[in-house]
Amino acid sequence: MGEAVKGEADMGAEGAGRPVVSAVCAEGIVKRYGATVALDGAHLTVRPGEAHALVGRNGAGKSTLVSVLTGMTRPDAGTVTFGGEPAPGRGDTAAWQRKAACVHQKSMTVPELTVAENLYLNRFQGGRAIRWRALRERARELLAEYGVEADPAARIKDLGVEQRQFVEIARALSFGARLIILDEPTARLDAAGIDRLFGKLRGLRAQGVAFLFISHHLQEVYELCNTVTVFRDARHVLTAPVSGLAEDDLVAAMTGEEAGAARRARTASDTAAGRAGEPVLRTEGLTLAGEFAPLDLTVRAGEVVGLAGATGSGNAAIGEALVGLRTPDGGRIAVRGRPVRTGSVPHAIDAGIGCVPEDRHREGLILGRSVAENATLTVTDQLGPLGTVLPSRTREFAARMIASLDIKTTGPGQPVSGLSGGNQQKVVIARALAREPSVLVAIRPTNGVDVKSKDALLGVVREVADRGSGALIISDELDDLRVCDRVLAVFHGRVTAEFGSGWGDHELVAAMEGVASGGGGGDGSAGGDEGGAGGAGQPEGAADDGDAGQPKGSGHAGHAGDAGDAGASRRLTDGTEGTAP
Amino acid sequence: MTETASPPVTDTVAKPPAPTSRPRIDLARWRDFSLVPVIFVLGVIGFIVSPAFLTQDNLIGVIQQSTELGLLVLGEALILISGRMDLSLESTIGLAPVLALWLVMPAHGARFAGLELLPAWTAVPLCLAVGAAVGAANGFLILKLRVNGFIATLGMLTMLRGLQVGISEGQSIGNVPESFAYLGKADWLGVPAAVWICLALFALGGSALGYLRHGRALYAIGGNPEAAKAAGIRVDRLTWIVLAVGGVLAAFAGILYTGHYGAVSASQGNGWIFQVFAAAVIGGISLKGGRGTLFGALTGVLTLQLVINVMTLGGVPPLWTQFLNGMIIIIALVISRFTSGETQD
């Protein structure tokens, strides 16, 4: 639905024939950290009202440029101008705040304080005492001015991710900043939230606010932005209008490789559906109240199964229940026919379930420790006799993992905090594969990873299946699901549809959003209302009723009363997603 | 204006100097030794200040005095590496001996009336069991009830100290059984047994952390408990065990202390916990968990004790020792911050 709007917005910004004044113009920026060149003569110009995408693989220099543009880092060489005026001096935080602001992936708000306080943090007006009523009133006006629906008296931690981002944007704008940098703003939003965010951004652009949009999702770049700049290896590679730039060429510019080589869409021919062997993972009636309804799932040897679902749909909870991170209320899990004790990670691992958790920083890695230590965390019992862990064997094991997964590191002893996102994720996968699991459960395995690493990671998952194990990919990203032989769409905690390998983007997205592809006009509104402030059980109920009419119904009987539960859980999980760092 | 080039763009700009794989000095490897030069310098200062410093008696004395503090630091270091903290160790060092002696001492005849419930030889195992029980109780509060570990163990600190005072009626307990006093006062090969034991325990703990899977797991737990859990490590169980081990070590320190001085004083260990934390942090143990080694912790203990010894030999007036003590902790902290090159959190 964003496509149509995008065209108009582009036209508006391009066609207006703007003066040559730029929102920001950076020229010849050089920044070195010791021997590492983070930026090498980089340049970037963003015009007022423009949505400018900045893309590049991890380590391309995007973050460094952002900190230069927001005054956090002083470049070794080069100039930055805002609207033709030179950038404020170093350390003049207030002046920088009036020029540019960055909404980071990690929220820069104080979760325990109210929205109003966060908006006016350290600039409460009038006298020594804070006049709360006036403060809230001003906050309300500010939020209304930018069309943000948030209660000024609510605490930030009670807001969803998306509202919190809006609050941050509003705060930046209230300083007078006319350049907003969005660092992976959609990483923790579901599709409906992304749509609302994009809608709001378009509105703000009409007011002359320029956006620098950093994302790993090229689809979003095409949807929202009119110009794209590609950085690679600390240098500017390309700036081009988005329209007229083929996605393959964009990827090629990012990776420096021939177009098409980096991405390989999986077609029906190489899946060989008949190849799938005996079941390696089977669940019977697995259920967790408030998260997902009883689930019967079978993953066969040699098969990659996808569990597609938006944030809060319950698919991640299913994954966490499978690997023992959450204790299901009922049901059984069996690996290669042997029952597994539920709710216990050690038992799941022993049974042969490998786990790639959702958030590598939170539950995947021990950032301060070495690659070797992280990669061997699940196999410490195999690295020496009598419960000992021999450093030599650890290094050897890790070296094997590093070679087989092509992890870019200076050696097994390097702390994982020094690796790029994609390589960190490979370490997580290495850890999961270390025990040669019968089935690999990967929850959002390519979260926050650049395009090329994405393909490598998915290739690894595919390979696991090709070698006779099963794999389950739990994700909301179509690219992740493309390697799957079979995709189950999860909506509100229940499997609503199943697709073979030849699915189309549209039908899968529709199923993930709970929209019956053949359904009537009411479905669209259901998708839009979800997660909205009020939204009682009504839209969910409507969507659930639609289940029966799904093209490839899952065969799960609709449980009476579950609709309301699922709706509540959706908001509940949205909330917890939001508070996670 | 932006230049609008069409892809694919050729790299016309000169290649940057390839990120040379600079042979970086592996600082991390030497981090544990960052206090060794400090200890050396202290030795030189001590030698200058007083000729008595470099005598065998003095040095052995310093090390002997380090043993009790050292065992507490050993326990605390294990707990800190697992990402927890236990303030009550300083009370355990006093309470455990008192409780054990209370159960075994004769009911009549001595100044301190015990219960005489158990034979005298059980005093040592009883004392260690009390330490384990205190650690387990801390574990129950922190891991089962999920209360704040800092305040919970602070409460335990006060409560256990009170229990000790109540049982001992605020008096020192002398005439402890021979078995109980032996380890603290015996000499093996001309060196106090306590020193051998302490070194052995540090070596044991160090190799457990370095070479045992459950030892390695402590770093994982302290570094990121969620990740440790997802990797199949039984986080709560191991943490609980570590807390109990910490209590046992504190109780053992109490045995050595009691043997060394021949009596349990009412204020045994009072105020030590600050020295314990200081030694651990100076020695490179992170208060946030997941980082540090026992060797570092040991050098931290030795540094602190050497400073005190040098001050004593230098004739610092006793009324000023407290001031200097605090100042030296801060100076040592700053020095270790910069010799290790890492921020301490």
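As recorded in an unreviewed UniProt entry, chain B goes by the name ABC transporter permease, listed as coming from Streptomyces piniterrae. Recorded in UniProt for chain B, the comment headed Subcellular location (unreviewed entry) runs: "Cell membrane".

Chemist: Lay out the overall build of chain B in plain terms, naming residues and giving numbers.
Modeler: Within chain B, the regular secondary structure consists of 14 helices and 2 strands. Here chain B, with 345 residues, has 48% of them falling under the buried criterion.

Chemist: Can you explain the overall build of chain A? Please cite residues and give values.
Modeler: Helix and strand counts for chain A stand at 22 helices and 20 strands. Looking at chain A as a whole, 52% of its 581 residues are labelled buried. Within chain A, counting contacts between residues at least 6 apart in sequence, those at least 24 apart form 68% of the total.

Chemist: Lay out the sheet that holds strand β1 (residues 24–33) of chain A in plain terms, naming residues and giving numbers.
Modeler: Residue and element names in this part refer to chain A. Across the sheet, which stays open at both edges, the 4 strands sit in the order β2-β1-β4-β5 with antiparallel pairing between neighbours. Because the sheet does not close on itself, it has two edges, and the strands there are β2 (36–46) and β5 (85–86). Taken together, the 8 bridges between β1 and β2 define a ladder with antiparallel strand orientation. Looking at the pairing, V30 lines up with D40 of β2. Where helix α2 (residues 62–69) meets the sheet, its contacts fall on β1, β2 and β4 (77–82), and the angle it forms with β1 comes to roughly 120°.

Chemist: Which residues make up the sheet that holds strand β12 (residues 292–300) of chain A, and what are the values?
Modeler: All names here are of chain A. Strand order across the open sheet formed by 4 strands is β12-β11-β14-β15, with antiparallel pairing between neighbours. A single partner strand is all that each edge strand has here, and the edge strands are β12 and β15 (338–340). Adjacent strand axes in the sheet meet at a mean angle of 20° when their direction is disregarded.

Chemist: An account of unusual backbone geometry is needed here, citing residue identities and associated values.
Modeler: Residues and elements named next belong to chain A. A positive phi is found at D233, a non-glycine position, where the angle reads about 50°. Of note, D233 is situated in the loop between β9 (227–232) and β10 (235–241). Backbone geometry places E436, a non-glycine residue, at a positive phi of 50°.

Chemist: Outline the environment of A:R400, supporting the account with residue identities and numerical values.
Modeler: Tracing the backbone through its elements, the reader meets A:R400 in helix α15 (residues 391–405). In the structure, A:R400 is positioned 29 residues away from A:V371 in sequence and 12 Å away in space, judged by C-alpha atoms.

Chemist: Now, about the pairing of strand β7 (residues 179–183) of chain A: what can you tell me, with residues and values included?
Modeler: Residues and elements named next belong to chain A. Burial analysis of β7 places 4 of its 5 residues in the buried class, which makes it a mostly covered element. As paired strands, strand β6 (residues 100–103) and β7 are joined by 4 bridges and run parallel to one another. For C102, the partnering residue across the bridge sits in β7 and is I181. Sheet topology places β7 next to strand β8 (residues 210–214); 5 bridges connect them, and they run parallel. Residue I181 lies in a different strand from β8, and its bridge partner there is L212.

Chemist: Go over helix α2 (residues 36–49) of chain B with me, naming the residues and quoting the values.
Modeler: Residue pairs spaced three or four apart in an α-helix point in one direction, given the helix's 3.6 residues per turn. Residues and elements named next belong to chain B. Between its first and last C-alpha, α2 extends 20 Å over 14 residues, near the 20 Å set by a 1.5 Å rise per residue. Buried within α2 are the following residues: V38, L42 and G46. The buried residues of α2 all sit within an arc of 80° when viewed along its axis, so they share a single face. Along α2, the residues that are exposed and aim more than 90 degrees away from the buried face are P37, F40, V41, V44 and I48.

About the criteria used
- Residues numbered from 1 in each chain as written.
- Chains lettered and ligands numbered in written order.
- Predicted model: local features only at pLDDT ≥ 70, side-chain atom pairs only at ≥ 80, totals over all residues.
- UniProt positions renumbered as here; feature names shortened; annotations may be inferred.
- Helix = DSSP H or I, 4+ residues; strand = E, 2+ residues; numbered from the N terminus.
- Buried ≥ 20, exposed ≤ 12 C-beta atoms within 10 Å, placed from the backbone.
- Contact = placed C-beta atoms within 7 Å.
- Pairing = 2+ DSSP bridges.
- Axes fitted to C-alpha atoms, helices over the stretch in contact; angles between N-to-C directions.
- Expected span 1.5 Å × (residues − 1).
- Arc of directions from axis to C-beta.

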